[in-house]
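One letter stands for each residue in the lines below.
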Amino acid sequence: MQPLLKDLPVTAQRLREDRILEEAAVTGADPQHLCAVFNITPDTGLRYTRTFHPDPLSDRDQEDKP
């Protein structure tokens, strides 16, 4: 795979991350789906879905800070 990417300004890891984000966007950001399709852990699946559905508690944490 590396020889195919050597002249491109992108890495295989970045292409994979982009593909996961695209899949999350078109499937409603379902972490279970991402885990099944990409063989990633539940924590990683949740990390990708937070791009589309941020944790509402994190907003409250920011409001409490001066």
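Residues numbered from 1 in each chain as written. Predicted model: local features only at pLDDT ≥ 70, side-chain atom pairs only at ≥ 80, totals over all residues. Heavy atoms only, no water.

Asker: Give me the side chain of T49: which residues, what numbers.
Answerer: Take T49: it is sitting in helix 4 (residues 42-49). Since its relative accessible area comes to 7%, T49 is described here as buried. Not counting residues up to four positions away in its chain, the partners in contact with T49 are A29, D30, P31 and L34. (Helix = DSSP H or I, 4+ residues; strand = E, 2+ residues; numbered from the N terminus. Buried < 20%, exposed > 50% of the residue type's maximum accessible area, 1.4 Å probe, protein only. Contact = heavy atoms within 4.5 Å.)

Asker: Tell me about the pattern of salt bridges, and name the residues and values.
Answerer: A complete count under the given rule lists two salt bridges for this structure. One salt bridge connects E17 with R14, and the closest N-O pair in it is separated by 3.6 Å. Pair noted here: E17 and R14 are both in helix 2 (residues 12-26), with a separation of three residues, about one helical turn. Judged by relative accessible area, which is 25%, E17 ranks as partly exposed. (Salt bridge = Lys/Arg side-chain N within 4 Å of Asp/Glu carboxyl O.)

Asker: Tell me what's going on with the side chain of E23, and back it up with residues and numbers.
Answerer: By the secondary structure assignment, E23 is in helix 2. Here E23 falls in the buried class, since its relative accessible area comes to 12%. A distance of 2.8 Å separates the side chain of E23 from the side chain of R19, its partner in a polar contact. Setting aside anything within four residues of it in sequence, one finds E23 in contact with H33, L34 and F38. (Polar contact = N/O pair within 3.5 Å; in protein donor to acceptor, adjacent residues only side chain to side chain.)

Asker: Please provide a residue-by-residue account of the nonpolar core, values included.
Answerer: Among the nonpolar cores identified, the biggest contains seven residues, and these are I20, A24, L34, C35, F38, I40 and Y48. Listed by contribution, the elements that provide at least two residues to this core are helix 2 and helix 3 (31-38). At three residues, helix 3 tops the list of elements feeding residues into this core. Apart from residues lying up to four places away in sequence, C35 is in contact with I40, T41, P42 and G45. (Core = buried A, V, L, I, M, F, W, Y, C linked by side-chain atoms within 4.5 Å.)

Asker: How would you explain the environment of C35 if you had to name every residue and give the values?
Answerer: Among the secondary structure elements, C35 is positioned in helix 3. On the accessibility criterion, C35 (17% relative accessible area) is buried. Expressed as a C-alpha distance, the spacing of C35 and L46, which sit eleven residues apart in the sequence, is 9.1 Å.

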